[in-house]
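# Understanding the architecture of this molecule
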Amino acid sequence: MGSIKIECVVKEKYHIGESPVWEEKHGSLLYVDITGEKVCRWNAATKQLKTVYVDAPIGSVVPRKSGGYVLAIGTRFAFLDWEKEAVTDIATIDQDKTNNRFNDGKVDPAGRFFAGTMAKQIRPAVVEKGQGSLYSLLADHSVVKHFDRVDISNGLDWSPDHKVMYYIDSLSYKVDALDYDLQSGKISNRRLVYKLEQEEAIPDGMCIDTEGKLWVACYNGGRVMRIDPETGKRIQTVKMPVDKTTSCCFGGKDYSDLYVTSAAEGMDEAWHQRQPDGGRIFKVTGLGVKGIPPYSYAG
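Since this is a predicted model, take the numbers as computed values, not measurements.

## A word on the pattern of salt bridges
Applying the stated criterion across every chain yields a total of 16 salt bridges. A salt bridge links R234 to E197, with the nearest nitrogen and oxygen atoms 3.5 Å apart. One end of the pair, R234, is in strand β21 (residues 233-239); the other, E197, is in the loop between β17 (187-195) and β18 (202-208), with 37 residues separating them in the sequence. Assessed through its relative accessible area of 35%, R234 is described here as partly exposed. The partner of D277 in a salt bridge is R280, with the nearest N and O atoms 2.6 Å apart. What makes D277 partly exposed here is its relative accessible area of 24%.

## A few points about the packing of aromatic side chains
What the rule picks out here adds up to 12 aromatic pairs. When the ring of Y69 is compared with that of W82, the centres are 5.6 Å apart and the planes differ by 90°; the resulting orientation is edge-to-face. With Y69 in strand β7 (residues 69-73) and W82 in the loop between β8 (76-81) and β9 (86-92), this residue pair connects regions lying 13 residues apart in the sequence. When sorted by exposure, Y69 lands in the same class as W82, which is buried. Where F147 meets Y167, the ring centres are 5.3 Å apart and the plane angle is 75°; that geometry is what we call edge-to-face.

## A short note on the nonpolar core
Core analysis: the biggest nonpolar cluster contains 28 residues, and W215 and L258 have the highest contact counts within it. Contributions of two or more residues to this core are made by β1 (5-10), β3 (28-33), β4 (38-43), β22 (245-251), β23 (257-262) and β24 (281-285).

## Let's talk about the sheet that holds β18
The pairing of strands in a sheet happens through backbone hydrogen bonds and is either parallel or antiparallel. Spatially, the four strands line up as an open sheet ordered β18-β19-β20-β21, and their pairing is antiparallel. The strands lining the two open edges of the sheet, one partner per strand, are β18 and β21. Each neighbouring strand pair of the sheet contributes to a mean axis angle of 25°, computed without reference to strand direction. Pairing geometry for β18 and strand β19 (residues 214-219), over five bridges, is antiparallel. Looking at the pairing, C207 lines up with W215 of β19.

## A few points about the side chain of T261
With respect to the helices, strands and loops of the structure, T261 is situated in strand β23. With a relative accessible area of 0%, T261 lands in the buried category. Among the polar contacts listed, one links the side chain of T261 to the side chain of T246, at a separation of 2.7 Å. T261 has contacts with G17, E18, P20, K244, T245, T246, S247, R280 and I281, leaving out every residue within four places of it along the chain.

Cut-off values and rules
- Residues numbered from 1 in each chain as written.
- Predicted model: local features only at pLDDT ≥ 70, side-chain atom pairs only at ≥ 80, totals over all residues.
- Heavy atoms only, no water.
- Salt bridge = Lys/Arg side-chain N within 4 Å of Asp/Glu carboxyl O.
- Helix = DSSP H or I, 4+ residues; strand = E, 2+ residues; numbered from the N terminus.
- Buried < 20%, exposed > 50% of the residue type's maximum accessible area, 1.4 Å probe, protein only.
- Phe/Tyr/Trp six-rings, centres within 6.5 Å; stacked < 30°, edge-to-face > 60°.
- Core = buried A, V, L, I, M, F, W, Y, C linked by side-chain atoms within 4.5 Å.
- Pairing = 2+ DSSP bridges.
- Axes fitted to C-alpha atoms, helices over the stretch in contact; angles between N-to-C directions.
- Polar contact = N/O pair within 3.5 Å; in protein donor to acceptor, adjacent residues only side chain to side chain.
- Contact = heavy atoms within 4.5 Å.

Geometry only, nothing functional implied.
If you want it as structure tokens, here you go:
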């Protein structure tokens, strides 16, 4: 392992920077600002940043195999035509819960878009509990509800052998594993992988490396942790220069850079002075591991 370097790469400050995903074909980092209601694409070579504004809080964005992107926005799944900046709705969920919104999401190895919901925050990390659910959008645009009674549906990813799905409900303060069937997309047998310690704060977004180890961003914990899901042990902690670390993904030429998003929402003036980079985006290099390229939505 070389020496770890943390660099602030996007100087823009976001309310809640989230859902980072590396887009190989553009050499770009794609991400959202949830309450800023925008989708952003930052080119790592040119440093050019393009932003598309949307009409509701946006939990996550993923690439679509046929071009453009898919959004989990408000309480609906929608397509985004990047060039035209046009959003087309596909399906609406949680229709009986007017205070809900989508949060984190990711595409599974078969091209389904998994994304979960939560009640809108009263203040950062304070919500009406048990209002969320986990859904997946299939290639035929139908929606499957996997389970409900979720507080804040958050990070998720799949094991390199595609047999396990990892999942975070933030206010349970733990990372869970579920048996995952690639063919059907069904998940079952939910169990504990790792329970966070008090100083690690709230588990948020998550990604996996080629060795099958999890990288978990800790909201209010100012760190990203590497966890071995086999042993349930924390192997490594990368301390970040901001407390409100929200999510992470691997990217760059060979997927050896870890991009980390953060939030500025809920920081007062004194906090901003102490952590001027709150809400910005970071790149961590020298970790000595590589990520798995993201999957694209099949529909």
